Amino acid sequence: VSFEKKGSYFPNTIKDFYSVLTDDYPEIQPIADEVKYAIDIYTITYKTKFDGQELVASGLVSVPVSDGTYPVISFQNGTNTLNSNAPSVNPNYTLYQLLETIASTGFIISVPDYLGFGASNSMFHPYLDKESTIQSVTDMLRAVDELVSNHLNIKKSDDLYITGYSQGGWATMTLQKAIETGLSDEFKLKASACGAGPYDLNLVNDYVLAQTNYPMPYYIGYIFNSYIKLGDINNLP
C-alpha cells in the first residue's frame with residue numbers, strides 16, 4: 001500500500017554500533033566482520049486478511065544500498081503488549097536496529113509488526129493464533145517482494161531465512177510448517193532458527209497451572225483475551 005524511508009546507515013556507523021554491542025555480546029563479532037554495505041530502512045503498509053476481511057498491516061524493512069541480488073531474512077519478534085514498541089513504530093529500538101544492520105551483510109530484512117500493532121493497532125492482537133500469524137507474515141513477505149521489485153534498485157533472490165524468539169520462535173516454527181506443507185512453490189525456505197517458543201501450548205498450559213506461584217501472569221491474560229475474541233473459548237458463563 002505504501003512505504004516510507006525512515007533512515008540510512010553507512011558501514012562505518014554500523015561497525016561503530018557493533019563495536020559497542022560486542023563488548024557485552026561477543027557472539028555478535030562474526031556478524032560485525034561481514035558488514036559491507038550502507039543500508040536504507042523503510043516502514044511499509046500492506047494488505048492482508050483477518051477473519052475473511054481485508055485490512056492493512058505494517059512492518060519494518062531494511063535493505064543494502066548496493067546493486068545486487070539478496071536473500072530475505074524474516075524476523076518474528078517476541079511477545080509485545082505495547083504498540084509504541086512495534087517494529088514500524090519504534091525502528092530505533094536496539095533489537096530492531098541490530099536486525100536492520102544485518103542488511104549490511106547482504107540480506108533484505110523483513111520484520112512484521114503482527115496484527116494489532118502499527119497500521120492495524122485499532123484491532124486486538126490475535127496472540128498465538130496460527131492462521132492469522134501465517135497470513136500476516138506471508139503477506140508481509142509478498143509486500144517486501146513488491147517493494148524491492150517495483151521501487152528499489154536491488155533484486156531479491158528466492159532464498160528465504162526465517163527466525164524469531166519467544167512468540168516469534170513459535171511464529172517461525174508455525175510459518176516453517178505452513179511453507180513446507182503448502183507454500184513451498186512460493187517460498188524457498190533455506191533455514192529456520194526458532195528460539196524459546198511455546199511450541200506445545202497444551203504442555204505450556206499444564207506447566208503453568210501446576211505452579212503454586214506464577215510471576216508472569218500477563219501471558220495468561222494475553223492468551224485468554226486473544227482466544228475469547230477469536231471465538232476459540234466459548235464455554236464462558
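Structure's up top.
The rules behind these values
Residues numbered from 1 in each chain as written. Predicted model: local features only at pLDDT ≥ 70, side-chain atom pairs only at ≥ 80, totals over all residues. Heavy atoms only, no water. Salt bridge = Lys/Arg side-chain N within 4 Å of Asp/Glu carboxyl O. Buried < 20%, exposed > 50% of the residue type's maximum accessible area, 1.4 Å probe, protein only. Axes fitted to C-alpha atoms, helices over the stretch in contact; angles between N-to-C directions. Helix = DSSP H or I, 4+ residues; strand = E, 2+ residues; numbered from the N terminus. Parallel < 35°, antiparallel > 145°, perpendicular 65-115°, else oblique. Contact = heavy atoms within 4.5 Å. Nonpolar A, V, L, I, M, F, W, Y, C, P; charged D, E, K, R; others polar. Core = buried A, V, L, I, M, F, W, Y, C linked by side-chain atoms within 4.5 Å. Polar contact = N/O pair within 3.5 Å; in protein donor to acceptor, adjacent residues only side chain to side chain. Phe/Tyr/Trp six-rings, centres within 6.5 Å; stacked < 30°, edge-to-face > 60°.

**A few points about the pattern of salt bridges**
Item 1. Counting across every chain of the model gives six salt bridges.
Item 2. The partner of Glu4 in a salt bridge is Lys6, with the nearest N and O atoms 3.8 Å apart.
Item 3. Here Glu4 falls in the partly exposed class, since its relative accessible area comes to 45%.
Item 4. Residue classification places Lys6 among the partly exposed positions, given a relative accessible area of 42%.
Item 5. Here Lys36 ties to Glu34 by a salt bridge, and the two come within 3.3 Å at their closest N and O atoms.
Item 6. Overlapping salt bridges, with partners in common, bring together Asp139, Arg142 and Glu186 in one network.

**Things to note about the packing of helix α4 (residues 130-151) against helix α5 (residues 167-183)**
Item 1. Contact pair α4 / α5: the axes reach a minimum separation of 10 Å and the direction vectors enclose 75 degrees. One element, α4, and the other, α5, form an angle in the roughly perpendicular class. Mapping the contact onto sequence places Lys130, Thr133, Ile134, Val137, Thr138 and Arg142 in α4 and Trp170, Ala171, Thr174, Leu175, Ala178 and Leu183 in α5.
Item 2. Class assignment for the residues of the contact of α4 with α5 results in seven nonpolar, three polar and two charged.

**Concerning the nonpolar core**
Generally speaking, a soluble globular protein has its nonpolar side chains buried in company with each other.
Item 1. Core analysis: the biggest nonpolar cluster contains 28 residues, and Ile44, Val61 and Ile108 have the highest contact counts within it.
Item 2. Residue assignment for this core shows that the elements contributing at least two residues are β2 (39-50), β3 (53-64), β4 (69-76), α4, β6 (155-165) and α5.
Item 3. At seven residues, the largest contribution of residues to this core is made by α4.
Item 4. For Val61, the residues in contact, after removing those within four places along its chain, are Asp40, Ile41, Tyr42, Ile44, Ile108, Ile109, Met140, Val144 and Leu147.
Item 5. With 18 residues, the next largest nonpolar core counts Ile41, Leu99, Ile102 and Val111 among its residues.

**Some thoughts on the side chain of Ser58**
Item 1. Position of Ser58 among the secondary structure elements: in strand β3.
Item 2. Since its relative accessible area comes to 2%, Ser58 is described here as buried.
Item 3. Here Asp113 takes part through its side chain, which lies 2.5 Å from a polar atom of the side chain of Ser58.
Item 4. Every residue in contact with Ser58, bar those within four places of it in the chain, is listed here: Ile44, Thr45, Tyr46, Ser88, Pro112, Asp113, Phe117, Gly118, Ala119 and Met140.

**Quick word on the packing of aromatic side chains**
Item 1. Inspection of every chain in the model, using the stated rule, returns eight aromatic pairs.
Item 2. Here the aromatic rings of Tyr93 and Tyr96 are separated by 5.1 Å at their centres, their planes lie at 65 degrees, and the arrangement is edge-to-face.
Item 3. The class of Tyr96 is buried, set by a relative accessible area of 3%.
Item 4. Between Tyr127 and Tyr222 the ring centres are 4.3 Å apart and the planes differ by 15 degrees, which places this aromatic pair in the stacked class. With Tyr127 in the loop between β5 (108-112) and α4 and Tyr222 in helix α7 (residues 218-230), the pair connects residues that are 95 residues apart, well separated along the chain.

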